[in-house]
Every structure is written in C-alpha cells, then in structure tokens.
Amino acid sequence: MIRSELIQKIAEENPHLYQRDVERIVNTIFEEIISAMARGDRVELRGFGAFSVKKREARIGRNPRTGEAVEVEEKYVPFFKTGKLLRERLNDEK
Amino acid sequence: MSGKTLTRMDLSEAVFREVGLSRNDSAALVESVLAHMSDALVAGETVKISSFGTFSVREKAARVGRNPKTGEEVPIHPRRVLSFRPSHLMKDRVAAGNKG
C-alpha cells in the first residue's frame, strides 16, 4: 500500500469530503509525526506503535574503502516500536 | 529535547486546525488512517508512505531461546514482526531538529 492508495481508501469511505481535503488530512497526520520527532518529542499511538528519537553517540568510524579512521558526530535517529495490539494481530493472537 | 509525548488527540487537533472538520470527524479520520495501515500490514502488505517511511512485515524463523534467569531452554515459535524504515527526509529532519 502506498500513500495514494491510503488516500483513496479514506476518500471512498468519506464521500462527503473532497479528495484534496482527504489528501491534506493524511499529509497533515504524517507531517505532524515528523515535526514532533524533529522537536525531540515522542508520538505514541496506542495499539499501533510509538515513534521516538534515539541518540547515537559519537564514535570513531572507518572509511570502508580506505580504512581511514573518521570521527562520526553524535546524532539523533527516528525509531519505531510496534504496539502490542498490532504485534498480536500480526501473529493472529487476536 | 523537549521530551513531550503526543497522542492521537494531538494528531486530530492538527487535522482539526488544518482542514476545519469537527473535532469528532478529525479524530475518526486519524483512527481510520491507522486502521487501514494496520489492516494492510496484518494482510502481509508493505505500507510505503513516500517522504515518511516504509513499514514492512518480516517473518522470523523459530529458534531456541533461553530464560536468562534460569538458563532453561525455551522454544521461540516462528513469528511475524513489523519493521519501520524511515525515509531520508524523516532522518534528515530528525537529525537537524535535535542537533546541538
């Protein structure tokens, strides 16, 4: 399933809404999650999962081609943890 | 990092502000987006949201695990797990926003 198919499904269920509004709604949801993480916030969607930001410490990396040591600065990366209900549904426990 | 936790309510509030639907309708739409994504994943589909990220279902083989406390061997059954790969855009914005 891709973004446009998701929008299509929501539009079919909501014939009273304009397609372009459905697009804005779906885009707003994803945009809001990214903005929250860019501020360092978590987004917890019970039953689905939680988006959070993890810190990766600075380390000495190596250029795989030359073998040269390079300093890698600390950085923050997005992380997703699957919610309990979805994890169970994936395994037919519910 | 401010370290706040957002929930469905904050997402519906954003939809409410952005599109001007009622708060109830906004909440129902957020729910419906999550439900469609979940259903597709449970059906084994990959959900690919451009400039956000890709959710995919991976099959894990059975293996023998061990209870770390007792050392006892326990069988771990084959199972399906969800993995999320963030888009470049998400990684870049999260890295830039939390820098310094």
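Residues numbered from 1 in each chain as written. Chains lettered and ligands numbered in written order. Predicted model: local features only at pLDDT ≥ 70, side-chain atom pairs only at ≥ 80, totals over all residues. Heavy atoms only, no water.

### Re the pattern of salt bridges
If charged atoms from side chains of opposite charge come close, those side chains can pair. Residue and element names in this part refer to chain A. By the definition in use, this model includes 13 salt bridges over all chains. In this structure, aspartate 41 engages arginine 39 in a salt bridge whose closest nitrogen and oxygen atoms are separated by 3.2 Å. Glutamate 74 serves as the salt-bridge partner of lysine 55, at 3.3 Å between the closest nitrogen and oxygen. With lysine 55 in strand S2 (residues 49–56) and glutamate 74 in the loop between strand S4 (69–72) and strand S5 (75–82), this residue pair connects regions lying 19 residues apart in the sequence. (Salt bridge = Lys/Arg side-chain N within 4 Å of Asp/Glu carboxyl O. Helix = DSSP H or I, 4+ residues; strand = E, 2+ residues; numbered from the N terminus.)

### Overview of helix H2 (residues 23–42) of chain B
Residue and element names in this part refer to chain B. Taking 1.5 Å per residue, 20 residues should reach 28 Å; H2 reaches 29 Å between its end C-alpha atoms and fits that length. Taken together, the buried positions of H2 are occupied by Ser26, Leu29, Val30, Ser32, Val33, Leu34, His36, Met37, Ser38, Ala40, Leu41 and Val42. Positive backbone phi, at 90°, marks glycine 44, one or two positions downstream of H2. (Expected span 1.5 Å × (residues − 1). Buried < 20%, exposed > 50% of the residue type's maximum accessible area, 1.4 Å probe, protein only.)

### Re the packing of aromatic side chains
Summed over the entire model, instances satisfying the criterion amount to 11 aromatic pairs over all chains. Taking 5.8 Å as the distance between ring centres and 70° as the angle between the ring planes, the aromatic pair formed by phenylalanine 48 of chain A and phenylalanine 55 of chain B counts as edge-to-face. With phenylalanine 48 of chain A in the loop between strand S1 (42–45) and S2 and phenylalanine 55 of chain B in strand S3 (residues 53–60), this pair bridges two chains. Classification of phenylalanine 55 of chain B by relative accessible area gives buried; the value is 0%. (Phe/Tyr/Trp six-rings, centres within 6.5 Å; stacked < 30°, edge-to-face > 60°.)

### Notes on the nonpolar core
One finds Ile33, Phe48 and Phe51 of chain A together with Phe52 and Phe55 of chain B to be the most contacted residues of the largest nonpolar core, which totals 46 residues. It is helix H2 (residues 19–38) of chain A that contributes the most residues to this core, 9 residues altogether. Excluding residues that lie within four positions of it along the chain, phenylalanine 51 of chain A makes contacts with Ile33, Met37, Arg42, Val43, Leu45, Phe79 and Phe80 of chain A together with Phe52, Phe55 and Phe84 of chain B. (Core = buried A, V, L, I, M, F, W, Y, C linked by side-chain atoms within 4.5 Å. Contact = heavy atoms within 4.5 Å.)

### Notes on helix H1 (residues 8–19) of chain B
Residues and elements named next belong to chain B. If you check H1, its first and last C-alpha atoms are 16 Å apart, about what 12 residues at 1.5 Å a residue would give, namely 16 Å. Among all positions in H1, only Leu11, Ser12, Ala14, Val15 and Val19 are buried. Along the axis of H1, the buried positions cluster into a sector of 155°, meaning they face one direction only. Away from the buried face of H1 by more than 90 degrees, exposed residues Met9 and Arg17 are located. (Arc of directions from axis to C-beta.)

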